[in-house]
Amino acid sequence: MKVFMGGTCNESDWRNRIIPMLEVDFFNPVVDDWTPDCMAEELRQREECDVCLYVITPKMTGVYSVAEVIDDSNKRPARTVFVRLRDDGDEKFTDGQWKSLGAVAQMVERNGGAAFDSLKSAALHINAVTANAKLTGLAPGKDDQ
């Protein structure tokens with residue numbers, strides 16, 4: 001079992017905070033030098049991982065991760081987990097941004113994915129889903145493609 005860790009980069013530490021909470025392997029796409037090979041590997045991992053986790057924090061500068069989570073929630077809903085974090089270090093989403101990301105969370109859930117407002121809740125969900133998959137022999141969402 002493996003989790004793809006998409007979402008906010010920009011020196012956000014959310015990946016370092018959730019990794020100790022996970023009971024499964026993970027792929028962290030953040031590298032010091034982003035190359036075409038890194039991009040190809042990220043796309044491959046996103047397709048092959050059992051869970052695609054997207055965490056959006058106020059440190060985000062681009063919006064591509066939001067598009068990715070919606071894309072995955074449509075194509076692979078049972079494998080998609082979205083987390084919005086109100087604060088990240090000393091940065092905080094405005095009320096308008098938070099409300100808009102709440103609408104994204106609702107869209108993910110309507111599509112069949114899972115959405116959370118904390119890393120702990122997301123990690124508990126991922127651990128439960130992947131533990132169940134190990135018991136049944138079926139990876140999360142592999143039958144939803």
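Keep in mind that this is a model prediction, so the values were computed, not measured. (Residues numbered from 1 in each chain as written. Predicted model: local features only at pLDDT ≥ 70, side-chain atom pairs only at ≥ 80, totals over all residues. Heavy atoms only, no water.)

Peer 1: Residues and numbers for the overall build of the protein, please.
Peer 2: Looking only at helices and strands, one finds five helices and seven strands in the protein. The order of helices and strands in the protein, counted from the N terminus, is β-α-β-α-β-α-β-β-β-α-β-α. In terms of C-alpha radius of gyration, the protein reaches 14 Å, essentially the compact-globule figure of 15 Å for 145 residues. Counting contacts in the protein only where the partners sit at least 6 residues apart, residues at least 24 apart contribute 71% of the total. Accessible area for the protein stands at about 7,700 Å²; split by element, carbon and sulfur atoms hold 52% of it. (Helix = DSSP H or I, 4+ residues; strand = E, 2+ residues; numbered from the N terminus. Rg over C-alpha atoms; globule rule 2.2 N^0.38 Å. Contact = heavy atoms within 4.5 Å. Areas by Shrake-Rupley, 256 points an atom, 1.4 Å probe, with all protein chains shown as cover.)

Peer 1: Please set out the nonpolar core residue by residue, giving values where relevant.
Peer 2: It is characteristic of soluble globular proteins that their nonpolar side chains tend to be buried jointly. Of all hydrophobic cores here, the largest spans 18 residues; its most connected members are W14, I18, L53, V81, V83 and I126. Counting only elements with at least two residues in this core, the list comes to β1 (2–7), α1 (14–18), β3 (51–56), β4 (80–84), β7 (114–116) and α5 (119–136). When residues of this core are assigned to their parent elements, the largest contribution, four residues, is made by α5. When sequence neighbours within four positions are dropped, the list of residues in contact with I18 reads M5, L53, L119 and A123. (Core = buried A, V, L, I, M, F, W, Y, C linked by side-chain atoms within 4.5 Å. Buried < 20%, exposed > 50% of the residue type's maximum accessible area, 1.4 Å probe, protein only.)

Peer 1: A description of a nonpolar patch on the surface should follow, citing residues and the corresponding values.
Peer 2: A contiguous nonpolar surface patch, about 380 Å² in accessible area, is contributed by V31, W34, M39 and L43. With a relative accessible area of 43%, W34 lands in the partly exposed category. (Patch = residues over 30% accessible without salt bridge, like charges linked within 9 Å, V, L, I, M, F, W, Y side chains within 5 Å. Salt bridge = Lys/Arg side-chain N within 4 Å of Asp/Glu carboxyl O.)

Peer 1: Provide a residue-level description of the packing of aromatic side chains, including the pertinent values.
Peer 2: By the definition in use, this model includes three aromatic pairs. Their ring planes at 35° and their centres at 6.4 Å tell us that F93 and W98 sit as a pair that is tilted. Since its relative accessible area comes to 16%, W98 is described here as buried. (Phe/Tyr/Trp six-rings, centres within 6.5 Å; stacked < 30°, edge-to-face > 60°.)

Peer 1: Could you give me a rundown of the sheet that holds β4, with the residues and numbers involved?
Peer 2: Across a sheet, paired strands are connected by hydrogen bonds in the backbone, their directions being either parallel or antiparallel. In space, the five strands of this open sheet follow the order β2-β1-β3-β4-β7, with parallel pairing throughout. The two strands at the open ends of the sheet, each matched to only one other strand, are β2 (25–27) and β7. On average, each strand axis in the sheet is tilted by 25° relative to the strand beside it, whichever way the strands run. Its contacts with the sheet put helix α3 (residues 64–75) on β1, β3 and β4, and the angle it makes with β3 is roughly 145°. Helix α4 (residues 95–110) rests against β3, β4 and β7 of the sheet, and its axis sits at about 165° to β4. (Pairing = 2+ DSSP bridges. Axes fitted to C-alpha atoms, helices over the stretch in contact; angles between N-to-C directions.)

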